[in-house]
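# Examination of the molecular architecture
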Amino acid sequence: MDFEAIEDQDGVRCAWNVLPSTRIEATRGIVPVSMLYTLLKERADYPPVMYEPVMCKAPCRAVLNPYCQIDVRGKLWICPFCLQRNQFPPHYKDIAQNNLPPELHPRFTTIEYGLSRRSPVPPVFMFVVDTCVEENELKALKDSLILALSLLPPTALVGLITFGTMVQLHELGHQDCPKSYVFRGAKDYNVKQIQEMLGIGAGVRNMPPGAQQQQQAGQFAPQQTYGADRFVQTVEQCEFTLTSILEQLQRDPWPVAGDKRPLRSTGAALAVAVGMMEAAFPNAGGRIMVFGGGPATQGPGMVVGPELREPMRSHHDIEKDGGRYYRKAAKFYEGLARRAAAAGHAVDLFTGCLDQIGLAEMKSLANWTGGHMVLADSFTTTIFRQSFQRVFGKDGDALRMGFNATLEVQTTKELKVCGLIGPGVSGGKKTAIVSDTEIGIGSTSAWRLAAVTPQTTVGVYFEVANQQSQALQPGSRGLVQLITTYQHSSGQTRLRVTTIARNWAEGSSPDVPASFDQEAAAVLMARIAVFKAEADEVAGVLHWVDRMLIRLCQKFGDFRRDDPASFRLAPNFSMYPHFMYYLRRSQFLQVFNSSPDETAFYRHCLFQEDTSNSLTMIQPPLMSYGFEGPPAPVLLDSVSMKPDVVLLLDTYFYILIWHGETIAEWRNAGYHEKPEYENLKLLLEAPVEDAQGLLVDRMPVPRYVVCDQNRSQARFLVSKLNPSTSYNNVSQYGGGGEAVLTDDVNINSFISALKALVVKGGSS
């Protein structure tokens, strides 16, 4: 089975592509029935159809799809989910077996509808800018924001909030005299206070200038801005005014003593932004884009005190006592995230600071709303500038993003929904197909995702509800329908429907293990493990990962009892233990040498990305370039570090080019510049070209590291390698390679211990 071809068509990767027929057999399979779903998978060959979908009667509301039974004479179709009969609408009167609408063709298992319903408000972008930064940082940030105005569609709405010791909401309607509303940074403002102070909300309905005349002329349905048109205007209206305000923007004037941090009111600024957006643009697509140059040091959401002698919290501080401010700040930002998600607004977090700024406390803002999280050392770096520009990537004239999305799941009665792990919040839709078992965000069959991109991928988990006594008919299939409704950047509401069917099989059937997709399964189990690690101790999560791996190998391995040498796994299971080994060592579960902010960033990326990118994070690919042949993938192992090769490592978060000792000496001697050493020049250029190809579409932009063997930055490579050659052992792969100074267990010892536990039936 070609899993990648299925993913290209439907954006779906299933852990099991043939389903065990009973609940007990599914439980014995260890990896739950689950799938990774890329909501807006780009499909150039299948443009949206511009008509309304045909839906089943309430409460089912499933959409017509290729798996429906149809009666062309009676103009009827039978819903495969609830088995209700439905009449085709009048405009389907010409339907026939040789004249079917696209949604009934077998290749249209995924179809997108352009609905007649349009959003009354174009996308809203609210910039929330930290002014407690150095002059060069502020200048670089202002330049990036001014450039962003040229990347936005002319009809997009923009607004500006700046914050330091105080919070300023800028009016964009006054070109001659800049005007702003100032809020105290140490105070927590609720929605009602913000509405009263600004004169916005449902009680105030006004239109942009000229809208009434255009309405009377019948040109368009005017947008209701609920009094916010002073603060938020279209790019074409306010580009000059906003550019002037940004160019004149100064550093926060509040004096800062040498032993103090600046008084930074990040929490109050976010409260104003979220409060204004939910009052003025409820259920309309929008993004609140936060640019932070340091930690919040006063008011709601503060993460550290203003005294420099007080350090930022570490993982140890959080585990020990929750840190002095951690729990209170996290609770505050979670409240804002819940409100933003409910109103359909994403929150993006961009950092430009060498120290932590409080992403660990603020992570729910991006994780729950589908926002971006970019971790950069400075606003002057390429990582920040290019990542920020890629947010506004376009497909033609439209931005490559969707707003205010909802995902609903419909299943046949033999399957129940356990939950979702990804960038969203519960939609609170408890139906008959919702399982009592929760995995991730459970107790619902619908979720809200305030923003989605063509890369946004969620993990959806199910359980088999069928009991042992209820035999299924031969050839029957389990169906899942995923319905995504979102606001396109043009303002049109779109509905994408993906319907997949998988055959049922008896638990003893060889078809079930033969359908196992080990790559998708590894990513789906990694999401569960990392989701658990957010709430539980890491040691307990590692124990759970080990226990699940042992049980899977006992179920699907071939071995003789008490004979580790006899243990074998089928080819489609053989890499799974390796994925789990690298997951255990990864930055997602091993927090040593990572700050809480870095850990929050890494986990955020794992919850957003598809199978290929997630596997790159878990087990990075390593390419070797040498004189003996073309570039080739090599083991992620210390034996691959040879003096006469160049290595290219892609961890998703950084791309590294490593030069062996001999290659580095030749390069330093300038041999590659001489005509007779053309092959050395080509060898040095090849990994650089391949690295540039990897950098093109990656979001956020990864770090780019070039290093030599035995130099300090080579640690980035060494930390990822399996230490098969270390100071206390010799590699089984023979000589060569560099010894790694570590006490970490290598993969050979890990697999040997796994085999021993599997064959004796023990558990860790």
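Owing to the predicted nature of the structure, the values given are computational and were not obtained by experimental measurement. (Residues numbered from 1 in each chain as written. Predicted model: local features only at pLDDT ≥ 70, side-chain atom pairs only at ≥ 80, totals over all residues. Heavy atoms only, no water.)

## Comments concerning the side chain of Ser 364
Following the sequence through the fold, Ser 364 ends up in helix 10 (residues 359–367). Not counting residues within four places of it along the chain, the set of residues in contact with Ser 364 comprises Tyr 333, Glu 334, Ala 337 and Thr 369. (Helix = DSSP H or I, 4+ residues; strand = E, 2+ residues; numbered from the N terminus. Contact = heavy atoms within 4.5 Å.)

## A few points about the nonpolar core
One finds Phe 281, Ile 288 and Tyr 576 to be the most contacted residues of the largest nonpolar core, which totals 127 residues. By size, the runner-up hydrophobic cluster in this structure holds 35 residues, among which are Phe 125, Leu 172, Phe 350 and Leu 399. (Core = buried A, V, L, I, M, F, W, Y, C linked by side-chain atoms within 4.5 Å. Buried < 20%, exposed > 50% of the residue type's maximum accessible area, 1.4 Å probe, protein only.)

## Quick look at the packing of helix 3 (residues 135–151) against helix 6 (residues 235–247)
Running from N to C, helix 3 and helix 6 cross one another at 170°; their axes reach a closest spacing of 10 Å. One way to sum up the angle between helix 3 and helix 6 is to call them roughly antiparallel. Across from Lys 142, Leu 145, Ile 146, Leu 149 and Ser 150 in helix 3, the residues of helix 6 making contact are Val 235, Glu 239, Leu 242, Thr 243, Leu 246 and Glu 247. (Axes fitted to C-alpha atoms, helices over the stretch in contact; angles between N-to-C directions. Parallel < 35°, antiparallel > 145°, perpendicular 65-115°, else oblique.)

## What to know about the sheet that holds strand 28 (residues 632–633)
Taken in spatial order, the 5 strands line up as 28-27-29-30-31 in an open sheet, and their pairing is mixed. Strand pairing shows two members of the sheet lacking a second neighbour, strand 28 and strand 31 (703–708), which therefore form its edges. Strand direction decides the pairing type here: strand 27 (residues 622–625) and strand 29 (residues 646–650), joined by 4 bridges, are antiparallel. The partner of Tyr 625 across the bridge, within strand 29, is Val 646. (Pairing = 2+ DSSP bridges.)

## Description of the layout of surface pockets
In this structure, the second largest pocket spans a volume of roughly 1000 Å³. Listing elements by their share of the lining of the second largest pocket, those giving two or more residues are helix 8 (315–321), helix 9 (326–343), helix 10, strand 19 (415–421), strand 20 (425–426), helix 13 (518–533) and helix 16 (596–608). Counting residues per element, the lining of the second largest pocket draws most heavily on helix 9, which supplies 6 residues. (1 Å grid on protein atoms, 1.4 Å probe; cavity = no way out; pocket = protein on both sides within 12 Å on 5 of 7 lines; lining within 4 Å. Points joined across faces, edges and corners; volume = space filled by probe spheres on them.)

## Observations concerning empty space enclosed by the protein
In this structure the tally under the stated criterion is 5 cavities of 30 Å³ or more. Taken as a whole, the largest cavity encloses approximately 90 Å³ of empty space. Broken down by secondary-structure element, the contributors of at least two residues to the lining of the largest cavity are strand 3 (34–38), strand 23 (477–488) and strand 24 (492–505). Classifying every residue of the lining of the largest cavity by side-chain character gives 10 nonpolar, 2 polar and 1 charged. (Nonpolar A, V, L, I, M, F, W, Y, C, P; charged D, E, K, R; others polar.)

## Details of the packing of helix 10 against helix 16
It is at 8 Å that the axes of helix 10 and helix 16 come closest, and there the two elements cross at 20°. Between helix 10 and helix 16, the interaxial angle falls into the category roughly parallel. Between helix 10 and helix 16 the crossing geometry is right-handed. Contacts between helix 10 and helix 16 involve Leu 359, Ala 360, Lys 363, Ala 366 and Asn 367 from the first element and Pro 596, Asp 597, Ala 600 and His 604 from the second. Here the contact of helix 10 with helix 16 is composed, by residue class, of 5 nonpolar, 2 polar and 2 charged. (Left-handed = near helix turned anticlockwise from the far one by under 90°.)

## With respect to unusual backbone geometry
Here the residue pair Ala 58 and Pro 59 is connected by a cis peptide bond, since its omega of 5° sits within 30 degrees of zero. Along the polypeptide, Pro 59 turns up in the loop between strand 3 and strand 4 (69–71). A cis amide bond links Met 699 to the next residue, Pro 700, at an omega of 0°. With respect to the helices and strands, the residue Pro 700 is situated in the loop between helix 19 (678–695) and strand 31. Notably, Arg 61 is not glycine yet its phi reads approximately 60°, a positive angle. As for its placement among the helices and strands, Arg 61 is situated in the loop between strand 3 and strand 4.

## Some details on the pairing of strand 3
For strand 3, a buried count of 5 out of 5 residues is recorded, marking the element as mostly surrounded by other parts of the structure. The alternating pattern of strand 3 places Ser 34, Leu 36 and Thr 38 on one face and Met 35 and Tyr 37 on the opposite face, and all of these are buried. By the bridge criterion, 3 bridges tie strand 1 (residues 12–14) to strand 3 in an arrangement that is antiparallel. Pairing of Val 12 across the sheet is with Tyr 37, part of strand 3. Relative to strand 22 (residues 457–464), strand 3 is paired through 5 bridges, and the arrangement is antiparallel.

## Considerations on helix 21 (residues 747–759)
For helix 21, spanning 13 residues, the distance from its first C-alpha to its last is 18 Å, which sits close to the expected 18 Å at 1.5 Å a residue. Every buried residue belonging to helix 21 is among Ile 747, Phe 750, Ile 751, Leu 754, Val 758 and Val 759, and all of these are buried. For helix 21, the arc enclosing every buried residue in end-on projection is 150°, short of the 170-degree limit, so these residues lie on one face. Capping the start of helix 21 is the job of one residue whose side-chain oxygen sits 3.1 Å from the backbone nitrogen of Asn 748: Asn 746. (Expected span 1.5 Å × (residues − 1). Arc of directions from axis to C-beta. Polar contact = N/O pair within 3.5 Å; in protein donor to acceptor, adjacent residues only side chain to side chain.)

## A closer look at the sheet that holds strand 1
Across the sheet, which stays open at both edges, the 4 strands sit in the order 1-3-22-19 with antiparallel pairing between neighbours. Taken across any chain shown, the strands that pair with only one partner, and hence form the sheet edges, are strand 1 and strand 19. Strand after strand, the sheet turns through a mean of 25° between neighbouring axes, direction not considered. Contacting strand 1, strand 3, strand 19 and strand 22, helix 13 runs over the sheet at an angle of about 95° to strand 22.

## Focus: the pattern of salt bridges
By the definition in use, this model includes 29 salt bridges. When salt bridges that share partners are traced, they join Glu 7, Arg 13, Asp 517 and Glu 519 into one network. (Salt bridge = Lys/Arg side-chain N within 4 Å of Asp/Glu carboxyl O.)

## Some remarks on a nonpolar patch on the surface
Among the surface-exposed residues, Met 166, Val 182 and Trp 254 lie close enough to one another that they form a single nonpolar patch of about 290 Å² accessible area. Structurally, Val 182 is set in strand 11 (residues 179–184). (Patch = residues over 30% accessible without salt bridge, like charges linked within 9 Å, V, L, I, M, F, W, Y side chains within 5 Å. Areas by Shrake-Rupley, 256 points an atom, 1.4 Å probe, with all protein chains shown as cover.)

Keep in mind that these numbers describe shape and distance, not what the molecule does.
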